[in-house]
Every structure is written in C-alpha cells, then in structure tokens.
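# Chain and residue survey
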Amino acid sequence: MVNFAKCHEQIHKITEMSNVFLYIIQERDLCDTDCARRLFFEYVDHVRNHMETVDKRFCGRLIQSQDRNMANVADRFLSGSTEIKRIFARYRKDWCDERKRELKIADHAAFVRDTNQMFGLVLDRIQRETESLYPLIRELEERAGRESAA
C-alpha cells in the first residue's frame, strides 16, 4: 500500500522550498547567504529522495502490472526521471560544489535563469505525477483489494 499522505507531504515541501528559493535568489546579495545555501541543498536532497521513492515504489509497481497502459506510463516516467536526473546533475555541476555544499555563482542572471528552468522541470514532473501516476497507483491498489476480497 502506497502512503499518499507522505508523498503529498514531500510534494508540498519541495514546492514550498522551490518558491522560497526562487524568491530569494532574485537579489544577488541573498544568494551568498548561509540560509540560501542550506535551503538549496535541502531542496536537492528532498528532490532526490522524492524521485527515488516515486521511481521505486510507484513506477516499480506499475511496470510489473499486467495492464499495458500502466506499464507504459511507468516506463515513460522512468525515462523522464533519467533525463531530469541528468539535467539536474549538470545544473548542480554548473552552480554548486556539492562536496563543500556551496553555491558558486559567477553570473547571477544565468544562475537565476537556469534555476527557474530546473525548478520548473521538477515542478512540472510533480504535477504530472499527481495527475497521471497517482491515479494509476490508486486504481492498481483498488484492483488488488477487490481481488483479495474475492
């Protein structure tokens, strides 16, 4: 059984952190604060954990489904995850030193542009999960419940 409450909690946290960080970075001086740095790396950790959870618990279950449509949706989400992870890794390489957990912003305008694009990808992904993936998981759980009751 999937814990949708926990998943929605993760989504809410990622969305909130995204909104706050995108607001903070508009001012160049605020980008260099400890608060911005901590918020950024907490956001990175939350996104990684959320995507791992969705890929393993949701997509993993749907891929195993006998329903071809469900398996195809899961396959598309896993492919999308791979691409987002690749883009996210490149973004982090460009804008931070993960070992030191520091942001490295030489060009503020480019950082803001890239951050808006990257965070937008993550938020779009979360919206697609909510609209497409979660209903299929609920349907799969309902089918399993009916089958075990029969």
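Attention here is on the structure that accompanies the text. No experiment lies behind these values; they were computed from the predicted model shown. (Residues numbered from 1 in each chain as written. Predicted model: local features only at pLDDT ≥ 70, side-chain atom pairs only at ≥ 80, totals over all residues. Heavy atoms only, no water.)

## Some words on the pattern of salt bridges
Throughout the structure, instances matching the rule amount to 14 salt bridges. Between R86 and E83 there is a salt bridge, with its nearest N and O atoms 2.4 Å apart. One end of the pair, R86, and the other, E83, are both in helix α4 (residues 68–95), three residues apart, so they sit about a helical turn from each other. Judged by its relative accessible area of 43%, R86 falls in the partly exposed class. We note a salt bridge from E139 to R143, for which the minimum N-O separation is 2.5 Å. Taken together, the residues E139 and R143, both in helix α5 (residues 108–149) and four residues apart, mark about one turn of the helix. The partly exposed category is assigned to R143, whose relative accessible area is 25%. Taken together, the shared-partner salt bridges connect D55, K85, R125 and E129 into one network. (Salt bridge = Lys/Arg side-chain N within 4 Å of Asp/Glu carboxyl O. Helix = DSSP H or I, 4+ residues; strand = E, 2+ residues; numbered from the N terminus. Buried < 20%, exposed > 50% of the residue type's maximum accessible area, 1.4 Å probe, protein only.)

## Things to note about the packing of helix α1 (residues 4–24) against α5
Where α1 contacts α5, the axes come no closer than 11 Å and their chain directions differ by 165°. On the basis of the axis angle, α1 is roughly antiparallel to α5. Crossing hand, α1 versus α5: left-handed. By residue class, the composition of the contact of α1 with α5 is 13 nonpolar, six polar and three charged. (Axes fitted to C-alpha atoms, helices over the stretch in contact; angles between N-to-C directions. Parallel < 35°, antiparallel > 145°, perpendicular 65-115°, else oblique. Left-handed = near helix turned anticlockwise from the far one by under 90°. Nonpolar A, V, L, I, M, F, W, Y, C, P; charged D, E, K, R; others polar.)

## With respect to α5
Helix length check: α5 (42 residues) gives 59 Å between terminal C-alpha atoms against 62 Å at 1.5 Å per residue, within 8%. At E129, α5 shows its largest kink, close to 40°. (Expected span 1.5 Å × (residues − 1). Bend = angle between axes of the 7 residues up to and from the residue.)

## Section: α1
In this model α1 runs 30 Å from its N-terminal to its C-terminal C-alpha over 21 residues, within 8% of the 30 Å that 1.5 Å per residue would give. Inspection of α1 places F4, C7, Q10, I11, I14, M17, S18, F21, L22 and I24 among the buried residues, and these make up the whole buried set. On its buried face, α1 is in contact with α2 (28–31), α3 (34–63), β2 (102–103) and α5. (Contact = heavy atoms within 4.5 Å.)

In short, the description is geometric, and any link to function would need to be established separately.
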